[in-house]
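Residue strings, one per chain:
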Amino acid sequence: MARLAMLDQLPIPPENVHRMPTESGDASDVAVRYAETIKLIMEDKPFDLVLLGLGPDGHIASLFPDTPAVEVTDTLTTSLFV
């Protein structure tokens, strides 16, 4: 949706867009793969822009209290329930 509504309308090379590959349905696998992509592509450079999805209850890329995910510090990404 973001690609069609916005990114395709902007002069951004496709190789500069790195979406989270959620098709597998395995949140832990997606988190690991995306962390690898971020490290490979970004190295130590900051992002220019990050688009975050909006959850059905209005949360945005949230880590919820009392879940194991809030304790993760050794990787750039994690699934909510590790």
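Up top is the structure.
Thoughts on helix α2 (residues 27-42)
Then step 1. Over its 16 residues, α2 extends 22 Å from the first C-alpha to the last, a length consistent with the 22 Å expected when each residue adds 1.5 Å.
Then step 2. Among all positions of α2, only Val30, Ala31, Tyr34, Ala35, Ile38 and Met42 are buried. Each buried residue of α2 sits inside an arc of 130° when the element is viewed along its axis, so together they form one side. Every exposed residue of α2 that faces more than 90 degrees away from the buried side is listed here: Lys39 and Leu40.
Then step 3. The N-capping residue of α2, defined by a side-chain oxygen 3.1 Å from the backbone nitrogen of Ser28, is Asp26.
Then step 4. Just beyond α2, the residue with positive phi is Glu43, at close to 50°.

With respect to unusual backbone geometry
Then step 1. You will see that Glu43, though not glycine, has its phi angle at about 50°, which is positive.
Then step 2. Along the chain, Glu43 falls in the segment after α2.
Then step 3. Phi at Asp66 is positive, roughly 65°, even though this residue is not glycine.
Then step 4. Positionally, Asp66 belongs in the segment after α2.
Then step 5. The exposure class assigned to Asp66 is exposed, which follows from its relative accessible area of 80%.

Focus on a nonpolar patch on the surface
Then step 1. On the surface, Met6, Leu10, Ile12, Val17, Leu49 and Leu51 cluster together to form a nonpolar patch covering roughly 470 Å² of accessible area.
Then step 2. Within the secondary structure, Ile12 sits in the loop between α1 (2-5) and α2.
Then step 3. A relative accessible area of 32% places Ile12 in the partly exposed class.

What counts, and where the lines are drawn
Residues numbered from 1 in each chain as written. Predicted model: local features only at pLDDT ≥ 70, side-chain atom pairs only at ≥ 80, totals over all residues. Heavy atoms only, no water. Helix = DSSP H or I, 4+ residues; strand = E, 2+ residues; numbered from the N terminus. Expected span 1.5 Å × (residues − 1). Buried < 20%, exposed > 50% of the residue type's maximum accessible area, 1.4 Å probe, protein only. Arc of directions from axis to C-beta. Polar contact = N/O pair within 3.5 Å; in protein donor to acceptor, adjacent residues only side chain to side chain. Patch = residues over 30% accessible without salt bridge, like charges linked within 9 Å, V, L, I, M, F, W, Y side chains within 5 Å. Areas by Shrake-Rupley, 256 points an atom, 1.4 Å probe, with all protein chains shown as cover. Salt bridge = Lys/Arg side-chain N within 4 Å of Asp/Glu carboxyl O.

Everything listed is a geometric property; what it means functionally is a separate question.
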